[in-house]
Amino acid sequence: MSAPEIPESCHVFSNDAMGRDDATALADKIRRRELSITELTRAAIARAGAAEPLVHGIASDNYDDAIHSASILDAAEESAPRPLFRGVPTYVKDNTNVAGLSTRHGSLAVPEATAADTSPFARQLLAQGFLCLGKSTLPEFGFNASTEPAHGPATRNPWNLAYSSGASSGGSAALVAAGVVPIAHANDGGGSIRIPAACCGLVGLKPTRGRLVDNEAAASLPINIISEGVVTRSVRDTANFFDQAESYYRNPKLPAIGRIEGPSGRPLRIGLVLDSINGHETDEITRQTVEATARRLEKLGHRIEPVPVPVHSAFPDDFALYWALLAFGVRANGKKLLHPAFDKHRTDGLTNGLGRMFRRQFWRLPTALWRLKRSWHDYAHAMAGFDAVLTPVLGHTTPALGHLSPDVPFDTLFERLRQYVSFTPLANATGAPAISLPMSHTPDKLPVSVQFMGRHGGERTLLDIAFTLEADHPWPLLCDFSKNSLSSGESKARDSLANTV
């Protein structure tokens, strides 16, 4: 008997309780009692079981507790007000604590141990009513731009299983794109919301620094480059998430985002950047996608103007050194920061290589930190005359699995990462908001996305642009686009396929 054909892509959309709905639609059906939370939870778990043997986006599951919680919620008496996303299933990235689940940060160096408490941001997330089905995968400590942990299977891009799902929130993005859940937690220290969103055809908004509650690690950094958020399939899910997050915590130093339900129609002045400051030209498909998006916006009444990158020429090297500092710090202080049984001898090749790089260049750190801190002011000054800036998300299209593996020799891997991750880190250093939106596809059926960066506190403008483009140029779900895909109706073959992929 011949082996079953390996599907090119993998989605689990079907006519079950979840259907094709986004999180907002599912929550509305729950409120109107058209759908029970238990029914929805069981459907999501069944989808996870069908997708996981091929996608590998789940670090650990919490299914029994989720079903138990769903039954309690279904039995609860009506009360008002209730959280908007009450009963909608999601996953939390495996670098964020949820009480009762382990947090391993994608690394063998961190032992499996149950968290006693829920992290501050996870509390803000779950306060919106989401049910946690488990933890999603990431590369070790979120340092890589592809979710290919050295100790386990790579997380595959559902659009084309031979390719990367991005990182570091690659598991969350893969699960949302495949249809397992409509929304999932992501966080971003150099592009880790926007990169996997770009690879998997999703909406990924990195908010302004301080917009959401910070987790413990962010507060201890010399420069807080980490922002929390979500990846979604619709702009309204992202907009509703941030609106609801402000009900839990509202930073008085930032303008409120508030409720946004569609494009305002307000004409905007938008800058255009095509090539990064690191000297690498953007590849042709990505460049064409950005230029086509600019033309589309001009036809919709917006003003597009080419602008220089608003940052010091040393920025790529400065950010790389800061990235290396974080890796060095994790290896040196993992027992204190992560777990008493942390084993630095089990970290992967990228973490080790970054640590060595920091030891060679540590003398540059004071000047690099000064310039990185200064970048906030340089960026704010450059943005004074613009509402947003349009750029690529990445230097080139999504790479095949293996291209960014931590097993690649460090010097080669580091250069590949510099060419690939060349646009997203600026928003992390400056603290500015930035959003990734899917706008085209490659011949390999992989999404190609663009980035919009905004003024500090300007998430509302970015969501306005996103709503405008979504209305004018709706992006397809994977189930609309894919012709050679493993769907939930073909799940009988999944175990055999898992052994061959």
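All values derive from a computational prediction rather than experimental measurement.

Caption draft 1: Highlighting the overall build of the protein chain. Within the protein chain, the regular secondary structure consists of 17 helices and 15 strands. Taken against the 2.2 N^0.38 rule, which gives 23 Å for 501 residues, the C-alpha radius of gyration of the protein chain at 21 Å falls within 12% of a compact globule. Taken along its principal axes, the extent of the C-alpha atoms in the protein chain is 55 × 55 × 50 Å. When contacts within the protein chain are restricted to residue pairs at least 6 apart in sequence, those whose partners lie at least 24 apart make up 79%. Element-wise, carbon and sulfur atoms account for 51% of the exposed surface of the protein chain, whose accessible area totals about 19300 Å². Each charge sign in the protein chain was given a centre, from 50 positive and 52 negative side chains, and these centres are 5 Å apart.

Caption draft 2: The pairing of strand 13 (residues 434-441), seen in detail. Most of strand 13 sits out of view: six of its eight residues are buried. Pairing geometry for strand 13 and strand 14 (residues 447-454), over seven bridges, is antiparallel. Bridge pairing in strand 14 links I435 to F452. Two successive antiparallel strands, strand 13 and strand 14, enclose a turn made up of five residues, where K445 displays a positive phi of approximately 65 degrees.

Caption draft 3: Representation of the sheet that holds strand 12 (residues 388-392) within the structure. Across the sheet, which stays open at both edges, the eight strands sit in the order 7-9-8-13-14-12-10-11 with mixed pairing between neighbours. Looking at which strands have only one partner, the edges of the open sheet turn out to be strand 7 (183-188) and strand 11 (303-306). Taken over all neighbouring pairs, the strand axes of this sheet differ in orientation by 25 degrees on average, direction set aside. Pairing between strand 12 and strand 14: five bridges, direction antiparallel. Paired with A388 across the two strands is G454, which belongs to strand 14. In this fold helix 9 (residues 284-299) packs onto strand 10 (269-272), strand 11, strand 12, strand 13 and strand 14, with an angle of close to 55 degrees to the strand it touches most, strand 14.

Caption draft 4: Expanded view of the packing of helix 1 (residues 23-31) against helix 8 (residues 235-248). The contact between helix 1 and helix 8 brings their axes to 8 Å, and the two run at 70 degrees. Judged by the inter-axis angle, helix 1 sits roughly perpendicular to helix 8. Where helix 1 approaches helix 8, its residues A23, T24 and A25 are matched on the opposing element by R236, D237 and N240. Looking at side-chain class alone, the contact of helix 1 with helix 8 contains two nonpolar, two polar and two charged residues.

Caption draft 5: How the structure looks around the packing of aromatic side chains. Considering all chains together, one arrives at eight aromatic pairs under this definition. Seen in terms of ring centroids, F410 and F414 are 5.6 Å apart; in terms of plane orientation they differ by 25 degrees. Their pairing is stacked. One end of the pair, F410, and the other, F414, are both in helix 13 (residues 410-420), four residues apart, so they sit about a helical turn from each other. With respect to burial, F410 and F414 carry one shared label: buried.

Caption draft 6: Local environment of unusual backbone geometry. Here the residue pair A167 and S168 is connected by a cis peptide bond, since its omega of 5 degrees sits within 30 degrees of zero. Within the fold, S168 resides in the loop between strand 6 (160-164) and helix 5 (170-178). The phi dihedral of H56 is positive, around 60 degrees, even though this residue is not glycine. Inspection of the secondary structure puts H56 in the loop between helix 2 (37-55) and strand 2 (58-61). Look at H56 and you get buried, because its relative accessible area is 18%. For F141, which is not glycine, the phi torsion reads 55 degrees and is therefore positive. Checked against the element boundaries, F141 lands in the loop between strand 4 (131-136) and strand 5 (156-157).

Caption draft 7: Main features of the sheet that holds strand 4. If you walk across this open sheet you meet the three strands as 2-4-3, and the pairing is mixed. In this open sheet, the two strands that pair with only one neighbour each are strand 2 and strand 3 (89-93). Ignoring which end each strand starts from, the neighbouring axes of this sheet average 40 degrees apart. Both strand 2 and strand 4 contribute to a ladder of three bridges, which runs antiparallel.

Caption draft 8: Up close: the state of the cysteines. All told, the structure shown has zero disulfides when counted by the stated rule. Free cysteine C199: the closest other cysteine sulfur is in C200, separated by 6.1 Å. The buried category is assigned to C199, whose relative accessible area is 0%.

Conventions and cut-offs
Residues numbered from 1 in each chain as written. Predicted model: local features only at pLDDT ≥ 70, side-chain atom pairs only at ≥ 80, totals over all residues. Heavy atoms only, no water. Helix = DSSP H or I, 4+ residues; strand = E, 2+ residues; numbered from the N terminus. Rg over C-alpha atoms; globule rule 2.2 N^0.38 Å. Contact = heavy atoms within 4.5 Å. Areas by Shrake-Rupley, 256 points an atom, 1.4 Å probe, with all protein chains shown as cover. Lys, Arg positive; Asp, Glu negative; His and termini not counted. Charge placed at Lys NZ, Arg CZ, Asp CG, Glu CD. Buried < 20%, exposed > 50% of the residue type's maximum accessible area, 1.4 Å probe, protein only. Pairing = 2+ DSSP bridges. Axes fitted to C-alpha atoms, helices over the stretch in contact; angles between N-to-C directions. Parallel < 35°, antiparallel > 145°, perpendicular 65-115°, else oblique. Nonpolar A, V, L, I, M, F, W, Y, C, P; charged D, E, K, R; others polar. Phe/Tyr/Trp six-rings, centres within 6.5 Å; stacked < 30°, edge-to-face > 60°. Disulfide = S-S within 2.5 Å.

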